[in-house]
Amino acid sequence: MTQQAIRKVAVMGAGAVGSFFGAMLARAGHAVTLIGRPAHVQAVQRDGLLLEMGGRVEAVRLEAGTEVSALQGADVVLCCVKSGDTEAAAQAMAPHLGEHTLLMSLQNGVDNAEMLARHVRCRVVPTVVYVAVALAGPGRVAHFGRGDLAIGALPGGTASSVGEWPTLQALVDLFASADVPVRIVPDVAVELWAKLLVNCAYNAISGLAQMPYARLAAMPGIRDMQRDVVEEVIAVAAASGLSLSLPASMEAVAKIAAGMPGQMSSTAQDMARKKPSEIDHLNGYIARRGAELGVPTPVNRALHALVKLVESDYAGA
């Protein structure tokens, strides 16, 4: 597939991340359809998607709907649903995806792409997302920092193989036309785990404290806890056959606070709205995987349990 062959892009689960990247593609002239919740969709249909970025607000016109069937005929689909909804979303999308559709998993966690691939017949592209965004209200997304992606091949293929490279390069070109940098990485699993590691270091703590990254990083006790979290994630990754560097990982954790000091984690945003978070696929995943592999993960297990305790008080949780 070439960029010229990509005529329609659809976003499944148009929350903050999906709406941002959908808006970036649409404002560059690409045909984009958002599939999201009714209030968000109605606002987009009425006023356009309001994109807050760089100190200004821009109304981006694009299609929006609430039914999964709206992704019919899409050449590229960005799957941005919460990790806990991945299997249900895959089953719902499957009848509407063509064999040549490219399904990108723009999700937290490390196993969503493989789960999607078990249910769909098209090619799935694991995608690591680096962006600070939030829904500022129905039909409105606010951008706070970064906005780049890393992509690769599912296990069994390599990013440099003859079959994968043109596909991945077409996605690089597509997003480049919308000023979204995309890197092709040789081992996307390592990149996914590195992102998971940072999420485990920040999300639960930010959510429980309802504090932004810089506030957390300013406290020595929290930095010590983050190091414990990181060491546990590295140990679980090693037992899973992946090598992550402790110095590089701690540097990445520090850079998040320096680069996005006022950002609240997605878990914190969910908890503030009293909605279930993705914690089962972050610290909870590390706790479960560690138990399977015989790797102790007491800090990740405790953070997961504390977030679940708070969430247990939400209505309908």
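Per chain, the residues get numbers from 1 upward, laid out in the order the sequence is written. It should be noted that, the model being predicted, local features are given only for residues of pLDDT at least 70 and side-chain atom pairs only at 80 or more, the latter also being counted only at that level, while totals for whole chains, interfaces and linings use all residues. Hydrogens and water are ignored here; the side-chain numbers use all heavy atoms of the structure.

1. Considerations on the overall build of the protein chain
No. 1: What counts as a helix is a DSSP run of H or I of at least four residues, what counts as a strand is a run of E of at least two, and both are numbered from the N terminus. In terms of regular secondary structure, the protein chain is built from 12 helices and 10 strands.
No. 2: C-alpha atoms define the radius of gyration, and 2.2 Å times the number of residues to the power 0.38 defines the globule rule. Its C-alpha radius of gyration of 19 Å places the protein chain within 12% of the 20 Å reference for a compact globule of 317 residues.
No. 3: For the protein chain, the C-alpha atoms occupy an extent of roughly 50 × 45 × 35 Å along the three principal directions.
No. 4: Should any heavy atoms of two residues lie within 4.5 Å, those residues are counted as being in contact. When contacts within the protein chain are restricted to residue pairs at least 6 apart in sequence, those whose partners lie at least 24 apart make up 70%.
No. 5: As presented, the protein chain carries roughly 13700 Å² of accessible surface, and 55% of it is formed by carbon and sulfur atoms.
No. 6: Think of it this way: Lys and Arg go in the positive column, Asp and Glu in the negative one, and His and the chain ends go nowhere. One atom stands in for each charge, and that atom is NZ of Lys, CZ of Arg, CG of Asp or CD of Glu. In the protein chain, 26 positive and 28 negative side-chain charges are present, and the distance between their average locations comes to 4 Å. We get accessible surface area from the Shrake-Rupley algorithm with a probe of 1.4 Å; when it comes to residues, only the shown protein chains can shield them.

2. What to know about the nonpolar core
No. 1: Of all hydrophobic cores here, the largest spans 43 residues; its most connected members are Trp193, Leu196, Leu197, Tyr202 and Ile286.
No. 2: Of all elements in the fold, only strand S8 (123–137), helix H6 (188–209), helix H7 (213–217), helix H8 (220–239), helix H9 (246–259), helix H11 (283–293) and helix H12 (298–311) reach the threshold of two or more residues within this core.
No. 3: Element by element, the count of residues in this core is highest for H6, at 11 residues.
No. 4: Every residue in contact with isoleucine 286, bar those within four places of it in the chain, is listed here: Trp193, Leu196, Cys200, Val233, Val236, Thr297 and Asn300. Here, nonpolar core means buried Ala, Val, Leu, Ile, Met, Phe, Trp, Tyr and Cys residues that are tied together by side-chain atoms lying within 4.5 Å of each other. Each residue gets one of three labels from its accessible area relative to the maximum for its type: buried under 20%, exposed over 50%, partly exposed in between, using a 1.4 Å probe on protein chains only.

3. Describing the packing of H11 against H12
When two helices pack together, their arrangement is given by the angle between the helix axes and the distance between those axes.
No. 1: It is the contact of H11 with H12, at a shortest axis distance of 8 Å, that shows an interaxial angle of 130 degrees. Our classification of the angle between H11 and H12 gives oblique. Of the two elements, H11 crosses H12, and the hand of that crossing is left-handed. Contacts between H11 and H12 pair Asn283, Gly284, Ile286 and Ala287 from the former with Asn300, Arg301, Leu303 and His304 from the latter.
No. 2: For the contact of H11 with H12, the residue count by class is 3 nonpolar, 4 polar and 1 charged. Axis angles are defined between N-to-C directions and span 0 to 180 degrees, where every axis is a line fitted to C-alpha atoms and, for a helix, only to the segment in contact. Should an angle lie under 35 degrees it is considered roughly parallel, over 145 roughly antiparallel, and from 65 to 115 roughly perpendicular; all remaining angles are considered oblique. Should the near helix be turned counterclockwise from the far one by less than a right angle, the crossing is left-handed, whereas a clockwise turn marks it as right-handed. Charged means Asp, Glu, Lys or Arg here, nonpolar means Ala, Val, Leu, Ile, Met, Phe, Trp, Tyr, Cys or Pro, and polar covers whatever is left, Gly included.

4. Remarks on the state of the cysteines
No. 1: The disulfide definition used here is simple: a pair of cysteine sulfur atoms within 2.5 Å. Per the counting criterion, the structure on display carries 0 disulfides.
No. 2: This cysteine, cysteine 80, is not joined by any disulfide, and cysteine 79 carries the nearest cysteine sulfur, 6.7 Å off.
No. 3: Summary of cysteine pairing: cysteine 122 is not part of a disulfide, and the nearest cysteine sulfur, belonging to cysteine 79, is at 10 Å.

5. Brief notes about unusual backbone geometry
No. 1: Look at aspartate 179: it is not a glycine, yet its phi comes out positive at around 60 degrees.
No. 2: Following the sequence through the fold, aspartate 179 ends up in the loop between helix H5 (165–176) and strand S10 (182–184).

6. A short note on the packing of H8 against H11
No. 1: With their axes 10 Å apart at the nearest point, H8 and H11 run at an angle of 50 degrees to one another. Of the possible angle classes, the one that applies to H8 and H11 is oblique. For the crossing formed where H8 meets H11, the hand is left-handed. On H11, the residues touching Val229, Val233, Val236 and Ala239 of H8 are Asn283, Ile286, Arg289, Gly290 and Leu293.

7. Side note on the packing of aromatic side chains
No. 1: Ring pairs shown here join Phe, Tyr and Trp side chains whose ring centres sit within 6.5 Å, with only the six-membered ring taken for Trp; geometry is labelled stacked below 30 degrees between planes, edge-to-face above 60, and tilted in between. Under the counting rule described, the total for this entry stands at 3 aromatic pairs.
No. 2: Relative to phenylalanine 21, the ring of phenylalanine 20 has its centre 5.0 Å away and its plane inclined at 75 degrees; by these criteria the two rings are edge-to-face.
No. 3: Seen from their ring centres, tryptophan 193 and tyrosine 285 are 6.0 Å apart, and the 65 degrees between their planes marks the pair as edge-to-face. Separated by 92 residues along the polypeptide, tryptophan 193 in helix H6 and tyrosine 285 in helix H11 bring together distant segments of the chain. The same class applies to tryptophan 193 and to tyrosine 285, which are both buried.

8. A closer look at the pairing of strand S7 (residues 102–106)
No. 1: Taking burial as the measure, the 5 residues of S7 include 5 buried ones, the bulk of the element.
No. 2: Neither face of S7 is left uncovered, since the one carrying Leu102, Met104 and Leu106 and the one carrying Leu103 and Ser105 both have all their residues buried.
No. 3: Two strands pair under a simple rule: DSSP has to find at least two bridges between them. Where strand S6 (residues 76–79) and S7 come together, 4 bridges link them in parallel fashion. Counted as the bridge partner of leucine 78 is methionine 104 from S7.
No. 4: Where S7 lies against S8, 5 bridges are found, and the strand directions are parallel.

Purely geometric numbers; function is a separate question.
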